[in-house]
Amino acid sequence: MEEISNTLASLRQEYGNRELDKGNLKKNPIEQFKDWLDDAIKIEANEPNAMAISTVSKENKPRSRYVLFKDLINDEIIFHTHYESPKALEIIANPNVSGIFYWPEIHRQIRFEGKCKKASVEISDSYFNSRPRGGQLSAIVSKQSKVIKNRKEIEDKINELDEQFKNVDIKRPENWGGFSIKISYWEFWQGRNNRTHDRFSYSYKGNDWNIERLSP
Ligand SMILES: Cc1cc2nc3c(=O)[nH]c(=O)nc-3n(C[C@H](O)[C@H](O)[C@H](O)COP(=O)(O)O)c2cc1C
């Protein structure tokens, strides 16, 4: 343990001097988000659309996991999952979620808070139909987060279904689809040298976004 503590204590990264200032911030956080996501894609950040989403269980236990941000529709963040998964059941019981993107290559983090609901059937169908066949089969077979005996159990079911649906388009199962998040709070973090990071929050107040600089 002492060894790990020493190793961690010696990890020290400087974050460069990319600036974030009120003058170069977009008035609308969605535009700012799009700019930063574009930058992350341009520099080929690893999985630039991976975001962690936190929900709260009925027992008041907070839980986080990564999902893939797949679209921005009507300024809402879309991701797809199993509707009977723990995260989906938690969202249906309590729509308040928080999420986070981190692009270490450019020392940027975006945090958001909002309300989440099932996306429309059209959004879910359109994304499901765009998935490779393997992903479609796996979505049907997986009872996400349930305990299984072994990997073979899933592989056998996928092979069985693949045979059953040979030469047939696979339809989205009703228990799999999108969620959309309407965001009411955004926070942009730009890492800077000597831990003097730049941070700005956007809170939706009245009919507009109120932008504030936060202490690092
Ligand atoms: C980078 C990354 C992306 C992921 N994307 C998704 C996704 O888009 N949808 C999904 O259901 N699970 C995704 N997962 C798996 C989830 O993190 C999680 O293990 C799973 O959804 C079960 O979560 P739950 O038990 O909280 O419902 C991803 C995992 C990683 C590491």
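Everything numeric in this text was worked out from a predicted model, so none of it was measured.

Student: Describe the site of the ligand, naming the residues involved and giving the relevant values.
Tutor: Looking at the ligand, there are 13 residues lining it, with Arg65, Tyr66, Thr81, Lys87 and Ser145 nearest. Contact between the ligand and Ser145: an oxygen atom at 2.5 Å from a side-chain N or O atom of the residue. Relative to its unbound accessible surface of 620 Å², the ligand loses 66% to contact with the protein. Elements represented by at least two residues in the shell around the ligand include exactly strand S2 (62–68), strand S4 (76–82) and helix H3 (86–93). With five residues, the top contributor of residues to the shell around the ligand is S2. Looking at the shell around the ligand, its residues break down into four nonpolar, five polar and four charged.

Student: Lay out the pattern of salt bridges with the relevant residues and their values.
Tutor: As enumerated under the stated definition, the model contains 16 salt bridges in all. A salt bridge links Arg213 to Asp198; its shortest N-O distance comes to 2.8 Å. Pair noted here: Arg213 is in strand S9 (residues 208–214) and Asp198 is in strand S8 (residues 198–205), with a separation of 15 residues, a long-range link. The exposure class of Arg213 is partly exposed, given its relative accessible area of 43%. On the basis of relative accessible area, Asp198 is assigned to the buried category, the value being 6%.

Student: So what about the pairing of strand S7 (residues 176–190)? Which residues, and what values?
Tutor: For S7, the tally of buried residues reaches 13 of 15 residues, placing the bulk of the element in the interior. The pairing of strand S6 (residues 108–118) with S7 spans eleven bridges and is antiparallel. By the bridge assignment, Lys115 is partnered in S7 with Lys182.

Student: So what's going on with the nonpolar core? Which residues, and what values?
Tutor: Ranked by internal contacts, the top residues of the largest apolar core, which has 33 residues, are Phe33, Met51, Ile77, Phe101, Trp103, Ile181 and Trp186. Counting residues in hydrophobic clusters, the runner-up holds eight residues, among them Tyr127, Phe128, Leu137 and Ile170.

Student: Go over unusual backbone geometry with me, naming the residues and quoting the values.
Tutor: For Glu44, which is not glycine, the phi dihedral falls at a positive 60 degrees. With respect to the element layout, Glu44 can be found in the loop between helix H2 (29–42) and strand S1 (50–56).

Scoring rules and cut-offs
Residues numbered from 1 in each chain as written. Predicted model: local features only at pLDDT ≥ 70, side-chain atom pairs only at ≥ 80, totals over all residues. Heavy atoms only, no water. Near = heavy atom within 4 Å. Polar contact = N/O pair within 3.5 Å; in protein donor to acceptor, adjacent residues only side chain to side chain. Areas by Shrake-Rupley, 256 points an atom, 1.4 Å probe, with all protein chains shown as cover. Helix = DSSP H or I, 4+ residues; strand = E, 2+ residues; numbered from the N terminus. Nonpolar A, V, L, I, M, F, W, Y, C, P; charged D, E, K, R; others polar. Salt bridge = Lys/Arg side-chain N within 4 Å of Asp/Glu carboxyl O. Buried < 20%, exposed > 50% of the residue type's maximum accessible area, 1.4 Å probe, protein only. Pairing = 2+ DSSP bridges. Core = buried A, V, L, I, M, F, W, Y, C linked by side-chain atoms within 4.5 Å.

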